[in-house]
Amino acid sequence: TALSSNFYAQIRTEKVYAGTLNSQWTPDFKTEFKYAKTSYEQLTTNPVVLPEVRIAGVSGVNSAGANVTNGYLAWGMEQFRHGNIIRVNTQSYSGNADYFWKNFTFSGGFDREENDYFNLFRAGSYGLFDFANLGAFQADTITSFSRAFYVNGTPPADVSKSAVTGLFGQAKWTVSNHLTLLAGLRYDMVASGTRPPFNQLFLDRFGYRNDGTVDGTSTVSPRVSFNWTPTDDRSVQFRGGVGHFLG
């Protein structure tokens, strides 16, 4: 059982702005450009700003209507809401072009996604008090107390940025009304300049550093596929393919 001071509400707000520009330059050539911006925020509101107090061995009636002597009572700010904020700002850009020549369609373009993160999670930072029973609470005899701290000199929240830029091209060949072949290649580059604080104790204990990132990594992703239908009305189709995907 929890008193109302242990309750909380989450407020989630998301704003999205997006635009697309399509251009048909010639009967055989067209382009498309897209831009989108998304802002997401999750806030947790509490009726009080207090440590969480938890009392065991409480007598009462449970939800099934049975008498119990091992109940649990909590009040104060719920331990995982002592510091809990998430903000994510995302911007994405993309552009692609299609060129049609005989039975072929050639496509190519780029895309980029940028993310800016703010993640505050300080569970138990206002303190957690545990009491064995109601009598222990009245006598101020505590069973345990804990409080979480962040490393001095580091931000209390996880603040980081990342971006992924991709270049791609593909060729689609309509061999016949029954068979289509597709082959493509994609190149992705990852940027993430924010590093975790170096922890010498982690290095001493496990033998490798804790501050590595994916910054500067790149991936080449080839892929091929087919679409075959044995009927003229295409009511039955067989599709297959193989490739490498980053995600």
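Scroll up to find the structure.
Residues numbered from 1 in each chain as written. Predicted model: local features only at pLDDT ≥ 70, side-chain atom pairs only at ≥ 80, totals over all residues. Heavy atoms only, no water.

### Digging into the packing of aromatic side chains
Counting across every chain of the model gives eleven aromatic pairs. Relative to Phe-121, the ring of Phe-80 has its centre 6.3 Å away and its plane inclined at 10°; by these criteria the two rings are stacked. Residue Phe-80 is found in the loop between strand E4 (67-75) and strand E5 (84-101), and its partner Phe-121 is found in strand E6 (residues 104-121); the two are separated by 41 residues along the sequence. By relative accessible area, Phe-80 is classed as partly exposed at 35%. For Phe-121, a relative accessible area of 48% gives the class partly exposed. Clustering of aromatic rings is evident, with ring pairs tying together Trp-101, Phe-104, Phe-106 and Trp-173. The ring of Tyr-8 carries Arg-81 above its face, with NZ or CZ at 4.3 Å from the centroid. (Phe/Tyr/Trp six-rings, centres within 6.5 Å; stacked < 30°, edge-to-face > 60°. Helix = DSSP H or I, 4+ residues; strand = E, 2+ residues; numbered from the N terminus. Buried < 20%, exposed > 50% of the residue type's maximum accessible area, 1.4 Å probe, protein only. Lys NZ or Arg CZ within 6 Å of the ring centre and 35° of its normal.)

### Some thoughts on the sheet that holds strand E1 (residues 9-26)
Strand order in the open sheet formed by eight strands is E1-E2-E5-E6-E9-E10-E11-E12, and the pairing between neighbours is antiparallel. Pairing within the sheet leaves two strands with one partner each, and these edge strands are E1 and strand E12 (238-243). This sheet shows a mean twist of 15° between the axes of neighbouring strands, independent of strand direction. Both E6 and strand E9 (residues 158-174) contribute to a ladder of 16 bridges, which runs antiparallel. Looking at E9, one finds that Ser-107 is bridged to Gln-170. (Pairing = 2+ DSSP bridges. Axes fitted to C-alpha atoms, helices over the stretch in contact; angles between N-to-C directions.)

### Points about the pattern of salt bridges
The final tally for this structure, using the stated rule, is nine salt bridges. A salt bridge links Glu-41 to Arg-87, with the shortest nitrogen-to-oxygen separation between them at 2.6 Å. Of this pair, Glu-41 sits in strand E2 (residues 29-45) while Arg-87 sits in strand E5, placing them 46 residues apart in sequence. Overall, Arg-87 belongs to the partly exposed group, its relative accessible area being 33%. A salt bridge links Asp-130 to Arg-54; its shortest N-O distance comes to 2.9 Å. (Salt bridge = Lys/Arg side-chain N within 4 Å of Asp/Glu carboxyl O.)

### Concerning the sheet that holds strand E7 (residues 128-131)
One open sheet holds the four strands; their spatial order is E4-E3-E7-E8, and the pairing between them is mixed. Because the sheet does not close on itself, it has two edges, and the strands there are E4 and strand E8 (144-146). Averaged over all adjacent pairs, the angle separating strand axes in this sheet is 20°, with direction ignored. Both strand E3 (residues 52-61) and E4 contribute to a ladder of seven bridges, which runs antiparallel.

### Some details on the side chain of Thr-229
For Thr-229, the location among the structural elements is in the loop between strand E11 (218-228) and E12. From its side chain, Thr-229 meets the backbone oxygen of Thr-231 in a polar contact 3.2 Å long. In this structure, Thr-229 is in contact with Asn-177, His-178, Arg-234, Val-236 and Gln-237, ignoring residues within four places of it in sequence. (Polar contact = N/O pair within 3.5 Å; in protein donor to acceptor, adjacent residues only side chain to side chain. Contact = heavy atoms within 4.5 Å.)

### Observations concerning the environment of Ala-66
Along the polypeptide, Ala-66 turns up in the loop between E3 and E4. Assessed through its relative accessible area of 37%, Ala-66 is described here as partly exposed. Residues Ala-66 and Arg-209, 143 residues apart in the sequence, show an inter-C-alpha distance of 54 Å.

### Some words on the layout of surface pockets
Using a probe with the size of a water molecule, rolled over the atoms, empty space left in the structure can be pinpointed. Taken as a whole, the largest pocket holds about 480 Å³ of empty space. Around the largest pocket, the lining comprises 22 residues; the ones closest to its centre are Tyr-150, Thr-154, Pro-155, Pro-156 and Ala-157. Those elements giving two or more residues to the lining of the largest pocket turn out to be E6 and E9. Tallied by class, the residues present in the lining of the largest pocket amount to 13 nonpolar, five polar and four charged. (1 Å grid on protein atoms, 1.4 Å probe; cavity = no way out; pocket = protein on both sides within 12 Å on 5 of 7 lines; lining within 4 Å. Points joined across faces, edges and corners; volume = space filled by probe spheres on them. Nonpolar A, V, L, I, M, F, W, Y, C, P; charged D, E, K, R; others polar.)

### Brief notes about unusual backbone geometry
One non-glycine residue, Lys-102, lies in positive phi territory at about 50°. Secondary-structure assignment places Lys-102 in the loop between E5 and E6. By relative accessible area, which is 71% here, Lys-102 ends up exposed. We note that Arg-234 has phi near 60°; this positive angle belongs to a residue other than glycine. For Arg-234, the location among the structural elements is in the loop between E11 and E12.

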